[in-house]
Amino acid sequence: MGHPRSTSTPRHPARDVALSQLLPLHRIDLSSNALAHTPLKAHRQLPSRPASEERTQTMSFLHSCATHPNTRATVANYPSVTDLDQVVVVVGGSLGGLAVTHRLLKHARRRHPKIKVVLVTRNSHFYWNIASVRAIIPGALRRGTDDVLRAIEPELVHRYPSDNVQYVAGRAIRLDPAAKTVSVDTPTYGIRLVHYTHLVLATGADAAVAGMPWKASSTYEALLGDIRETADLVQRAGHVTVAGGGPTGVELAAEIKAAYPAKTVLLLHLGAQLLGGDSTAPLVERELRAMGVELHKGAKATSVDRESRPDGTIVVTLSDGGSFETDAYLSTSGQVPNTRWMPKNLLTDKGYVDVDDCMRVKGVDNIWAVGDVVSKPKAGLLNTEAHAACVAKNIELSFSNKDQEPVKLPTTDVFLCTLGPDRGVGRYGSIPLPSFVVWALKSRSLATERTSKYVKGSMW
């Protein structure tokens, strides 16, 4: 802008690296008298210094670059240090990820207008998987799969200023905490590096058995295919086996029996009691038997043979020595945390993200985690909501270098178990809840009205 270009410019290595640490993974190219925006895999690390000293020296350096007569005035076009100190990348567009994203954009943005929130998600649609057990029953949901699946990007990018939000469709494949980048495999642009100053891990957990639509384990198209294939399988079967006596298995068996009273529905469970021995288990078992659901407890499948019978009948061999035939075998047992793309030193021995009481990932700076990827103290909607509220607040506190606050988990354990669209069993703490209360709170609609609220952010 009118400044003559110098033929030789002295390099300042210390200043170069100092600025590069605040502009993550971008080279500060002084040899061409400009600040270049080119990707760089790694930077030499200097001894750590107080943030205030780093900021002062960096801002002084920026000022000198902008005013030095031998330097082109291109600094003004580069994002400010304040902007780059508030780039929050949220990986995962399910319950926890969307909760953090909207909380930051709706509330923290008012106090920090330069914040940038980048949502990275492999599934283009939010999945209200709490209603997955009813989604596989044709006609059971008022608007079909639209009641449980809603596109994320349109609501997100049109609801907030473009300077504050970015949507990245793709699957996270690598996390580099030292470089502060997440590698994302995108369907359009291949592998893309996403830079962050603050990171939220919310990639959840996958169903232990592939093809079961109880989790948003893949893309929207694959998930929609799993829902439809499972629905078609159940509709054609005369005998349906549900493996796993946890909440999903119990609710699924009840939904199928309620929708198809003439079908034989068998609930197979390894434990002596359903629902992990919850105090509601005896009543749930009685209700299931009254509906006509058959129970086989104390055994698990050791073999599920889908190939040997020409008519497609499945032969199931059990750990107690027994065996039986079925037309459909639906596994609901277990979940696998979606953490394979993360460094092993950030995980527990069971593969979950290891966090402290403030939901910070142990051993690294400015990374938090929420939801099923943590399962602390256990997986569940209310715990995920508490995680998200805590992380959104702590990220904002970190902007001001204030102390982090511990997560405030629900003080009362609430459990609601639907038994078809008309009944349910539940408790508030140790107090049993009447069936009509469970129906009003959950069984009636499985809370599908929340699908749009999560996507739009009106939940918060």
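Note that the structure is a prediction, hence the values are computed from the model and not measured.

Analysis parameters
Residues numbered from 1 in each chain as written. Predicted model: local features only at pLDDT ≥ 70, side-chain atom pairs only at ≥ 80, totals over all residues. Heavy atoms only, no water. Pairing = 2+ DSSP bridges. Helix = DSSP H or I, 4+ residues; strand = E, 2+ residues; numbered from the N terminus. Axes fitted to C-alpha atoms, helices over the stretch in contact; angles between N-to-C directions. Contact = heavy atoms within 4.5 Å. Buried < 20%, exposed > 50% of the residue type's maximum accessible area, 1.4 Å probe, protein only. Right-handed = clockwise from strand over helix to strand, strands pointing away. Patch = residues over 30% accessible without salt bridge, like charges linked within 9 Å, V, L, I, M, F, W, Y side chains within 5 Å. Areas by Shrake-Rupley, 256 points an atom, 1.4 Å probe, with all protein chains shown as cover. Salt bridge = Lys/Arg side-chain N within 4 Å of Asp/Glu carboxyl O.

1. What to know about the sheet that holds strand β1 (residues 87-91)
- Taken together, five strands build an open sheet; the order of strands is β5-β2-β1-β9-β19 and the sheet is parallel. The sheet terminates laterally at β5 (165-169) and β19 (367-369), the two strands that pair on one side only. Direction aside, neighbouring strands of the sheet carry axes that sit 15° apart on average.
- Pairing analysis gives four bridges linking β1 to strand β9 (residues 198-201), with the strands arranged parallel. Counterpart to Val88 in the pairing with β9 is His198.
- Where helix α4 (residues 95-111) meets the sheet, its contacts fall on β1, β2 (116-121), β5 and β9, and the angle it forms with β2 comes to roughly 165°.

2. Description of the pairing of β2
- Among the six residues of β2, five are classified as buried, and the element is accordingly described as predominantly covered.
- For the handedness criterion, the β-α-β arrangement of β1, α4 and β2 is classed as right-handed.
- Inspection of the sheet shows β2 paired to β5 by five bridges, in the parallel sense. Bridge pairing in β5 places Val118 opposite Gln166.

3. With respect to a nonpolar patch on the surface
- A grouping of Leu382, Val414, Tyr428 and Ile431 is seen on the molecular surface, where their side chains present a nonpolar patch of about 370 Å² in accessible area.
- Topologically, Leu382 is positioned in helix α10 (residues 381-399).

Note that every value here comes from positions in space, so none of it alone points to a role or purpose.
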